[in-house]
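# Breakdown of the fold
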Amino acid sequence: MYARAAATTAALLGAGALVLPTATATAQTPAAHSPAAQGSVRHDDPLVVAHRGASAYAPENTFAAIDKARDMGFRWVENDVQRTKDGELVIMHDDTLKRTTNVEEVFPDRAPWKVADFTAAEIAKLDAGSWFGPEYAGQRVPTLEQYMRRVSHNHQKLVFEFKKPELYPGIEKQGLRVLRKTGWLDKHHVKSKLVIQSFSADSVKTVHALRPDVKTGFLGTPAAGDLPQYAKFADQINSTHTSISADYVSAIHALKGPHGKPLEIFTWTVNDAPNAVRAAGFGVDGIITNTPDVVRKALRDG
């Protein structure tokens, strides 16, 4: 075990109520005897978070990806949230649909295929799995509400990211509304199952102002001298692993966040054993990774 234990993290989720067409039976029906269901999920130190689900092994930000993380024994997953033309929140990393769906085939005349230019019903028609592999044909882009209910079903916890919030005014309030609707803003979830993060300091400040009880993270690597300002509204400074050092992690841990607990750091995106051991050696609280099994093995072997 590394000296610094991952501090308790709290999970927050968001929005969209549209029911999308079902995908394949495998993708839509959680395994009845998964590790999570049997209570055999192992605890990691640092915490290991499956980035966009187990995205090295299944198409990112789909049910298949979080189900894969569940079946591999990982409780924590990370996602990305954007908004459609008609105001639904959906799970998508890019602000375009081009890379991870067949939108060019279905809507060839709608370039550049921005999420914000399509309705939720149009996005529901898209295949979000075939680009990754034929066995995932029929996976869909979940709405936030659908995604949150799936995370709950899987007994998982969430690092929730508002992606490019500057494109979607009011998305923080809307996302919190969805989280509340799906049961993610009760004391149990807020205490230990949810973190809300963003690259936008203004977005993180907004979440903190609206729900000061929710754990928040700022994505980036602020100068060490600026960290006290971020500690006023963020519980975590979540930096890329190539930008941090032991001294920087120590500077983060020396401060207390808005809830009076030591500031934390989750680092990303670490996909190989040497960098996992390196980051853990710095004392990070969490590692966000596409290959959670590789990171877990490295930490336990190291």
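All values reported here derive from a predicted model rather than from experimental measurement.

## As for the packing of helix H6 (residues 144-153) against helix H7 (residues 171-181)
Their axes nearest at 10 Å, the elements H6 and H7 cross at an angle of 40°. The angle between H6 and H7 places the two elements in the oblique class. Where H6 crosses over H7, the handedness of that crossing is right-handed. Side by side, H6 and H7 meet where Leu-144, Glu-145, Met-148 and Arg-149 of the first sit next to Gly-175, Val-178, Leu-179 and Lys-181 of the second. Looking at the contact of H6 with H7 residue by residue, the class counts come to four nonpolar, one polar and three charged.

## Considering the packing of helix H12 (residues 273-282) against helix H13 (residues 292-301)
The relative placement of two packed helices comes down to the angle between their axes together with the axis-to-axis distance. In the contact formed by H12 and H13, the axes pass within 8 Å of each other and the chain directions differ by 60°. Between H12 and H13, the interaxial angle falls into the category oblique. At the point where H12 passes H13, the crossing takes the right-handed sense. Two secondary-structure elements touch here, H12 through Ala-273, Ala-276, Val-277 and Ala-280 and H13 through Val-294, Val-295, Ala-298 and Leu-299. By residue class, the composition of the contact of H12 with H13 is eight nonpolar, no polar and no charged.

## Brief notes about the packing of aromatic side chains
Within the structure shown, the criterion is met by seven aromatic pairs. Site record: aromatic cluster; members linked through ring pairs are Trp-131, Phe-132 and Tyr-136.

## Considerations on the confidence of the model for the protein chain
One rule of thumb: low pLDDT means the predicted coordinates there are not for detailed reading. Mean pLDDT over the protein chain stands at 89; residues scoring 70 or higher make up 86%. Confidence drops under pLDDT 50 across residues 1-41; counting only partners more than four residues distant or on other chains, this segment forms 157 contacts.

## Description of helix H9 (residues 201-210)
Those residues of H9 lying buried are Ser-203, Val-204, Val-207 and His-208. One face of H9 carries all of its buried residues, which in axial projection span an arc of 135°. The exposed set on the far side of H9, more than 90 degrees from its buried face, consists of Asp-202 and Ala-209. Tucked into the core, H9 has its buried residues touching strand S4 (157-162), H7, strand S5 (194-198) and strand S6 (216-219).

## Concerning the pairing of S4
Burial analysis of S4 places five of its six residues in the buried class, the great majority of the element. By the bridge criterion, four bridges tie S4 to S5 in an arrangement that is parallel. Across the sheet, residue Glu-161 finds its bridge partner in S5, namely Gln-197.

## Here we look at the pattern of salt bridges
For the structure shown, the criterion picks out 19 salt bridges. Its salt-bridge partner being Arg-70, residue Asp-67 comes within 3.6 Å of it at the nearest N-O pair. Taken together, the residues span about one helical turn, with Asp-67 and Arg-70 both in helix H3 (residues 63-71) at a distance of three residues. Neither Asp-67 nor Arg-70 differs from the other in exposure class; each is buried. By sharing partners, the salt bridges in this structure join Arg-52, Glu-60, Asp-80, Asp-94, Arg-99, Glu-161 and Lys-163 into a single network.

What counts and what doesn't
Residues numbered from 1 in each chain as written. Predicted model: local features only at pLDDT ≥ 70, side-chain atom pairs only at ≥ 80, totals over all residues. Heavy atoms only, no water. Axes fitted to C-alpha atoms, helices over the stretch in contact; angles between N-to-C directions. Helix = DSSP H or I, 4+ residues; strand = E, 2+ residues; numbered from the N terminus. Parallel < 35°, antiparallel > 145°, perpendicular 65-115°, else oblique. Left-handed = near helix turned anticlockwise from the far one by under 90°. Contact = heavy atoms within 4.5 Å. Nonpolar A, V, L, I, M, F, W, Y, C, P; charged D, E, K, R; others polar. Phe/Tyr/Trp six-rings, centres within 6.5 Å; stacked < 30°, edge-to-face > 60°. pLDDT = per-residue confidence, 0-100. Buried < 20%, exposed > 50% of the residue type's maximum accessible area, 1.4 Å probe, protein only. Arc of directions from axis to C-beta. Pairing = 2+ DSSP bridges. Salt bridge = Lys/Arg side-chain N within 4 Å of Asp/Glu carboxyl O.

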